[in-house]
Amino acid sequence: MELNLYQLDAFSDHLFGGNPAAVCPLEVWLSDTLMQQIAMENNLTETAFFVNEPGGLRIRWFTPVKEVKLCGHATLAAAWVYFHHIAPNAGEVAFNSLSGTLRITRDEEQLTLDLPRTEYQRAAPPEQLIRAIGIKPLECYASDDWMVRLDSEETVRALQPDIRVLQQLDRRGLIVTAEGIDCDFVSRFFAPKYGIDEDPATGSAHALLTPYWAERLGKSALRARQLSAREAELFCELKAEHVAISGGVVPYFVGTITLPGETYAE
């Protein structure tokens, strides 16, 4: 059995920027074990699979070690594949997912993903968090992830956290953020518990960062930069119940993978 596989760089307008994701469109679902094995073999932060079910398209995301509830950059990449290889005349696509229905629209080569805004609460930073980053944050918030605000873009960029200590935190990962120099805010994201020491561009983190910085800066439209080694640029807008996150997607390769025949889910 052969399946199409696409690799693309999301939240970037050039190759080798943003965050790479693999996308595998399916006619029917593979077994969970096999999808996890494919994601492990791809060894990217996320591999997205989608199937056209009777109720519409459904998307699932796997890191190299486990399935996740939401992934922004791989959803953007999957939408690019849908627009360019499945429905070239479509201007919008909706994916059902573990996080609800995710809608993506396109305007030329810019794609916009609507994500449910993430709620957060102020909290005292755990001792392990402070030990992992070696800095006492200005503020700390708890949600699915920990988020801390640091004093400057330079501090965020220079941060070298202890990944082994971060892996012990009780949430998905850690977002570090600060006000930007030539953008509204910057961030980095670490999720070693999910096999991702540092994620190059994290759409789901911006579902939390956008409402936080919109309130702090008093503006609803924000330009963000994620300061991984690859760097990524995201354009974010706070809406009533959602966060709209826009960016480019650049294809890297199109290929096929060959699998044993008895691989479909029951």
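Look above for the structure.
Notes on the structure follow. All values reported here derive from a predicted model rather than from experimental measurement.

### Notes on the overall build of the chain
Phase 1: If you tally the helices and strands in the chain, you get six helices and 17 strands.
Phase 2: In terms of C-alpha radius of gyration, the chain reaches 18 Å, essentially the compact-globule figure of 18 Å for 266 residues.
Phase 3: Projecting the C-alpha coordinates of the chain onto the three principal axes gives extents of approximately 55 × 40 × 30 Å.
Phase 4: Counting the 266 residues in the chain, one finds 55% classified as buried.
Phase 5: Intrachain contacts of the chain at a sequence separation of at least 6 include 62% that bridge at least 24 residues.

### Some remarks on a nonpolar patch on the surface
Phase 1: On the surface, L15, F16, Y252 and F253 cluster together into a nonpolar patch covering about 380 Å² of accessible area.
Phase 2: Mapped onto the fold, F16 is located in the loop between β1 (2–10) and β2 (19–26).

### Topic: the side chain of H206
Phase 1: Inspection of the secondary structure assignment puts H206 in helix α6 (residues 203–217).
Phase 2: At 2.8 Å, the side chain of H206 forms a polar contact with the backbone oxygen of T202.
Phase 3: H206 has contacts with F185, S187, P211, A224, Q226, L234, C236, V243 and I245, leaving out every residue within four places of it along the chain.

### Section: the packing of aromatic side chains
Remark: the centre distance and the inter-plane angle together describe each pair of aromatic rings, the angle taken between the planes.
Phase 1: Under the definition given, this model contains ten aromatic pairs.
Phase 2: Ring centres 6.0 Å apart and planes at 65 degrees place the aromatic pair F16 and Y252 in the edge-to-face group. Taken as a pair, F16 in the loop between β1 and β2 and Y252 in strand β17 (residues 242–258) lie far apart in primary sequence, 236 residues in all.
Phase 3: F16 gets classed as exposed once you look at its relative accessible area, which sits at 54%.
Phase 4: Among the residues examined, Y252 registers a relative accessible area of 44% and is labelled partly exposed.
Phase 5: Aromatic pair F185 and W213: ring centres 5.9 Å apart, planes at 5 degrees, arrangement stacked. Here W213 lies in helix α6 and F185 lies in strand β13 (residues 185–191), a separation of 28 residues in the sequence. One exposure class covers both F185 and W213, and it is buried.
Phase 6: Joined through ring pairs, the aromatic side chains of Y120, Y141, F185, Y212 and W213 make up one cluster.
Phase 7: Its guanidinium or amino end placed over the ring of Y194, K66 lies 4.6 Å from that ring's centre, counting from NZ or CZ.
Phase 8: Against the face of W146 rests R171, its NZ or CZ located 4.8 Å from the ring centre.

### A short note on the nonpolar core
Phase 1: Ranked by size, the top nonpolar core spans 56 residues in total, and within it W61, F95 and I104 carry the most contacts.
Phase 2: In terms of residues, this core owes the most to one element, helix α2 (residues 72–86), which gives nine residues.
Phase 3: One finds C140, V148, V165 and A178 within the second-largest nonpolar core, a separate group that totals 20 residues.

### Considerations on the pattern of salt bridges
Phase 1: Under the counting rule described, the total for this entry stands at 20 salt bridges.
Phase 2: E198 serves as the salt-bridge partner of R188, at 2.8 Å between the closest nitrogen and oxygen. Taken as a pair, R188 in strand β13 and E198 in strand β14 (residues 196–199) lie far apart in primary sequence, ten residues in all.
Phase 3: For R188, a relative accessible area of 8% corresponds to the buried category.
Phase 4: Judged by its relative accessible area of 25%, E198 falls in the partly exposed class.
Phase 5: One salt-bridge network, in which partners are shared between bridges, spans E153, R157, D182, R223, R225, E231 and E233.

### Side note on the pairing of strand β12 (residues 174–179)
Phase 1: In terms of residue burial, β12 counts as a mostly covered element, since five of its six residues are buried.
Phase 2: Relative to β12, strand β11 (residues 146–149) runs parallel, the two sharing four bridges. Residue R149 lies in a different strand from β12, and its bridge partner there is T177.
Phase 3: As paired elements, β12 and β13 share six bridges and run antiparallel to each other. Bridge pairing links T177 to S187 in β13.
Phase 4: The turn linking β12 back onto β13 is made up of five residues.

Cut-offs applied
- Residues numbered from 1 in each chain as written.
- Predicted model: local features only at pLDDT ≥ 70, side-chain atom pairs only at ≥ 80, totals over all residues.
- Heavy atoms only, no water.
- Helix = DSSP H or I, 4+ residues; strand = E, 2+ residues; numbered from the N terminus.
- Rg over C-alpha atoms; globule rule 2.2 N^0.38 Å.
- Buried < 20%, exposed > 50% of the residue type's maximum accessible area, 1.4 Å probe, protein only.
- Contact = heavy atoms within 4.5 Å.
- Patch = residues over 30% accessible without salt bridge, like charges linked within 9 Å, V, L, I, M, F, W, Y side chains within 5 Å.
- Areas by Shrake-Rupley, 256 points an atom, 1.4 Å probe, with all protein chains shown as cover.
- Salt bridge = Lys/Arg side-chain N within 4 Å of Asp/Glu carboxyl O.
- Polar contact = N/O pair within 3.5 Å; in protein donor to acceptor, adjacent residues only side chain to side chain.
- Phe/Tyr/Trp six-rings, centres within 6.5 Å; stacked < 30°, edge-to-face > 60°.
- Lys NZ or Arg CZ within 6 Å of the ring centre and 35° of its normal.
- Core = buried A, V, L, I, M, F, W, Y, C linked by side-chain atoms within 4.5 Å.
- Pairing = 2+ DSSP bridges.

Taken by themselves, the reported measurements are silent on function.
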